[in-house]
Amino acid sequence: MKAGQSPANGNQSYRAELEEKRTGILRTLGAKFDIRAAMGRVAEDDQAQISHEEFISLQRNSLDYLQLRLVDEALSRLDAGDFGICQSCSDPIAAKRLRALPWARYCIDCQNTVAEDLDQEWRSARPRVAVTA
Ligand SMILES: [Zn+2]
């Protein structure tokens, strides 16, 4: 038998919350697919409008997918027993933060560092604008 390494009690309530969130996202994504199917036969005149709406819907979808991935990762951390542990520094994530964001991957300090790193990466990945004098 494994030693009782499982972190805080109350993980069950995080699990319930994460699963509820997951169901909600899947429902939202499913509803969007229904709308897209229903829009299948629309007059050509409406095409421009639909493209714009689809564009916005796609942007929202990718946010939903990102959220879904974070929620899935948190659920597998619950299974693995390292839920609530910062993925960067291995410190416990503050309970207050977990209650607000049960899918949080990092403690607040690391989240700030990671956000800065990503920002820098994004900046350096951008093509330089050539300025010709
Ligand atoms: Zn950390």
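Since this is a predicted model, take the numbers as computed values, not measurements.

### Comments concerning the nonpolar core
The tendency in soluble globular proteins is for nonpolar side chains to be buried side by side. In terms of nonpolar packing, the biggest core is built from 12 residues, these being Y14, L18, I25, V71, A74, L78, F83, I93, L98, W103, A104 and C107. Of all elements in the fold, only helix 1 (11-38) and helix 2 (47-80) reach the threshold of two or more residues within this core. When sequence neighbours within four positions are dropped, the list of residues in contact with L18 reads V71, A74, L75, P102 and W103.

### What to know about the confidence of the model for the protein chain
Taken residue by residue, the protein chain gives an average pLDDT of 79. The fraction at 70 or more is 66%. Predicted confidence in the protein chain is weakest over helix 4 (residues 108-125), with a mean pLDDT of 74, and strongest over helix 3 (residues 95-100), with 93.

### Quick word on unusual backbone geometry
A positive phi angle is found at S90, which is not glycine, with a value near 65 degrees. By the secondary structure assignment, S90 is in the loop between helix 2 and helix 3.

Rules behind the numbers
Residues numbered from 1 in each chain as written. Predicted model: local features only at pLDDT ≥ 70, side-chain atom pairs only at ≥ 80, totals over all residues. Core = buried A, V, L, I, M, F, W, Y, C linked by C-beta atoms within 7 Å. Buried ≥ 20, exposed ≤ 12 C-beta atoms within 10 Å, placed from the backbone. Helix = DSSP H or I, 4+ residues; strand = E, 2+ residues; numbered from the N terminus. Contact = placed C-beta atoms within 7 Å. pLDDT = per-residue confidence, 0-100.

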